[in-house]
Amino acid sequence: MGEICQTETIFQRLLRELSQSTRASEQNCRDVAERINEEAARICTESKRIQDSGDVETWAMTLAQHRLQQCTQYYQLGSKQGSLELHSTLSAIVYRYITPPQVQSSYQARLELIRDFLQAFYLETLNAFRKEAKLAATYRPRTLLELAEYMAFTERYGKRRIPLARGRSQQLIILRAQTFSQQQPKESFVDLELAAQGGGSESDTNNHDSFLGQVRAAMVIESNESESDSLRQTVVEELIAYLEENKQPDCADYFALRLQDLPTREIEEILGLTPRQRDYLQQRFKYHLLRFALGHRWELVHQWLEADLERDLGLLPHQWQEFLNQIGANEQRLLSLKQEGLSEVEIAKVLNCKTTQIQKRWFKLLELAWEIRNHSVSGAGASSDE
């Protein structure tokens, strides 16, 4: 009896707010309010977590209110602007998962692929909406309020988390996009420096950007060797995973767009950023890129660039000697232990220090090696930092 009263209370609130915030007919408002109310009640009934919370009524009200808010937002935008807003939201989510058919496809070609994918996804969503709302198989939104209800449902449906193996989960629309892209060949053109620089015309002169220049040089070289292509793809995939694991999804999105060599203006439009916000995001991405390449996965990046320890960090004999001359006895000991294949934990025990200190010291050594190599390539003499 209590649940019935609770459901009726939520329904009456939804009906009242829809009547006040829209120009839809009373029956139209009643139908939509009833569907929102029933969806919230169904979720609460099926969710063990909500049932165990002991506060099902609050959960039901929150869920219903959230759905009402989404619906009214799309209603206020109108059919045309609302559709554009939905398309933009979903496009941004799937952008880096939709692979163009050609290596250096245009921005417009990628948009066409996304449009094709979303058309099929909208049909899937409509069928899901009919099923979950217990509507006829021929139902289609006919009023602005019904269209707003459907668009709000589509956004939520696409963002649903689907459980995967090992306790992971992924948004449903991303899984659909990955399936869609399986028939598309992987891209081999990647430009990390351009991604980090944001496509600016000014040349960078500091050591960090010089390092990114080395990364870029290897990224853009065409290679017929499958091993090189595989390493390059692995670097890209692991960098994106690293950004997401470190709660930097906006950096991952920015990276994915920069890899397509898009103009700065188009990236700002896709991500909904002002030039200042985009510049801040770009700097944050550069920071994490360096942490990844010189710290988190230095072995993978250096192997791919043919600059691993077996190749003296990519230095020529005279450069290697210069490198050794610039580091002290403690750092030479660290280098020797690295060459022996010891892990950071093992090295920390040998040198009687913390693993975080080993990581920082090794990061500095890699920076120095890249500085010496880059100065030689650019024709400039190596200079020691103060």
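Scroll up to find the structure this text is about.
Below: a short report on this structure. Everything numeric here is computed off the predicted structure, so don't read it as measured data.

### Here's the deal with the overall build of the protein chain
Of regular secondary structure, the protein chain possesses 18 helices and two strands. In the protein chain, which comprises 386 residues, the share counted as buried stands at 44%. Taking the contacts inside the protein chain whose residues are at least 6 apart along the sequence as the reference set, 63% of them involve residues at least 24 apart. Carbon and sulfur atoms provide 48% of the accessible area of the protein chain, an area that totals close to 21,200 Å².

### Quick notes on the pattern of salt bridges
Going through the model one piece at a time under the given rule, you end up with 14 salt bridges. In this structure, Glu26 and Arg30 form a salt bridge, with 3.7 Å as the shortest nitrogen-oxygen distance. In this pair, Glu26 and Arg30 are both assigned in helix H2 (residues 26-46), four residues apart and thus about one turn of the helix distant. Assessed through its relative accessible area of 56%, Glu26 is described here as exposed. Among the ionic pairs, Glu46 bridges to Arg42, the shortest N-O distance being 3.6 Å. With a gap of four residues between them, Glu46 and Arg42 both fall in helix H2, about one helical turn apart. Put simply, Arg42, Glu46, Glu132 and Arg160 are held in one network by salt bridges that share partners.

### Re empty space enclosed by the protein
The gaps left among the atoms become clear once a water-sized probe is rolled over them. Under the counting rule described, the total for this entry stands at three cavities of 30 Å³ or more. Reported here for the largest cavity is a volume of approximately 50 Å³. Taken together, Ala92, Ile93, Tyr95, Arg96, Asp253, Ala256, Leu257, Ile270 and Leu271 make up the lining of the largest cavity. Those elements that place two or more of their residues in the lining of the largest cavity are helix H4 (56-94), helix H11 (249-258) and helix H12 (264-271). When residues in the lining of the largest cavity are grouped by element, the largest group, three residues, is from H11. When the residues that make up the lining of the largest cavity are grouped by side-chain class, the tally is seven nonpolar, no polar and two charged. Built from parts of two domains, the lining of the largest cavity gets at least three residues from each of domain 1 (8-183) and domain 2 (246-304).

### Remarks on the nonpolar core
Core analysis: the biggest nonpolar cluster contains 66 residues, and Leu90, Val94, Leu118, Ile173, Leu239, Leu243 and Phe285 have the highest contact counts within it. Examining the composition of this core, we find that twelve residues originate from one element, H4, more than from any other. Among the domains, domain 1 (8-183) and domain 2 (246-304) are the pair contributing at least three residues each to this core. One finds Trp320, Ile327, Leu335 and Cys353 within the second-largest nonpolar core, a separate group that totals 16 residues.

### Structural notes on the environment of Thr89
Following the sequence through the fold, Thr89 ends up in helix H4. The partly exposed category is assigned to Thr89, whose relative accessible area is 22%. Distance in space between the C-alpha atoms of Thr89 and Gly272 is 9.9 Å, their sequence separation being 183 residues. A distance of 2.9 Å separates a polar atom in the side chain of Thr89 from the backbone oxygen of Glu85.

### Quick notes on H11
Here H11 lies mainly inside the structure; seven of its ten residues are buried. Taken together, the buried positions of H11 are Cys251, Ala252, Tyr254, Phe255, Ala256, Leu257 and Arg258.

### A short note on the packing of aromatic side chains
Under the defined criterion, the tally for this structure stands at nine aromatic pairs. Plain terms: the ring middles of Phe129 and Phe153 are 5.1 Å apart, the flat faces sit at 55 degrees to each other, and that makes the pair tilted. Taken together, the residues Phe129 in helix H5 (residues 107-132) and Phe153 in helix H6 (residues 144-159) connect sequence positions 24 residues apart. For the pair shown, Phe129 and Phe153 are each scored as buried.

Procedures and definitions
- Here the residue numbering is sequential within each chain, running from 1 through the sequence in written order.
- It should be noted that, the model being predicted, local features are given only for residues of pLDDT at least 70 and side-chain atom pairs only at 80 or more, the latter also being counted only at that level, while totals for whole chains, interfaces and linings use all residues.
- Where side-chain values are given, they derive from all heavy atoms of the structure, hydrogens and water being excluded.
- Put simply, DSSP marks the helices as runs of H or I at least four residues long and the strands as runs of E at least two long, and each gets a number from the N terminus on.
- Summary of the burial criterion: residues with accessible area below 20% of their type's maximum are buried, those above 50% are exposed, and those between are partly exposed, where the area comes from a 1.4 Å probe applied to protein chains only.
- Contacts: residue pairs with any heavy atoms within 4.5 Å of one another.
- The Shrake-Rupley method, run with a 1.4 Å probe sphere, supplies the accessible areas, and residue values consider only the shown protein chains as cover.
- Salt bridges are defined by distance alone: a side-chain nitrogen of Lys or Arg within 4 Å of a carboxyl oxygen of Asp or Glu.
- Definitions used throughout: a 1 Å grid over protein atoms alone; a cavity as a set of points that fits a 1.4 Å probe which cannot get out; a pocket as an open set with protein on both sides within 12 Å along at least five of seven lines; a lining residue as one with an atom within 4 Å of a point.
- Grid points are joined across faces, edges and corners, and a volume is the space filled by probe spheres set on the points.
- Residue polarity follows a fixed list, in which Ala, Val, Leu, Ile, Met, Phe, Trp, Tyr, Cys and Pro are nonpolar, Asp, Glu, Lys and Arg are charged, and the others, Gly among them, are polar.
- Where each domain begins and ends is defined by an automated method or by a domain database.
- We call a set of buried residues a nonpolar core when its members are Ala, Val, Leu, Ile, Met, Phe, Trp, Tyr or Cys and they connect through side-chain atoms within 4.5 Å of each other.
- We call two N or O atoms a polar contact when they sit within 3.5 Å, provided that within protein one can donate a hydrogen and the other can accept it, with sequence-adjacent residues counted only if both atoms are side-chain atoms.
- Pairing of aromatic side chains requires ring centres within 6.5 Å, counting the rings of Phe and Tyr and the six-membered ring of Trp. Pairs whose planes differ by under 30 degrees are stacked, by over 60 edge-to-face, and all others tilted.

The values reported here are purely geometric and, on their own, carry no functional implication.
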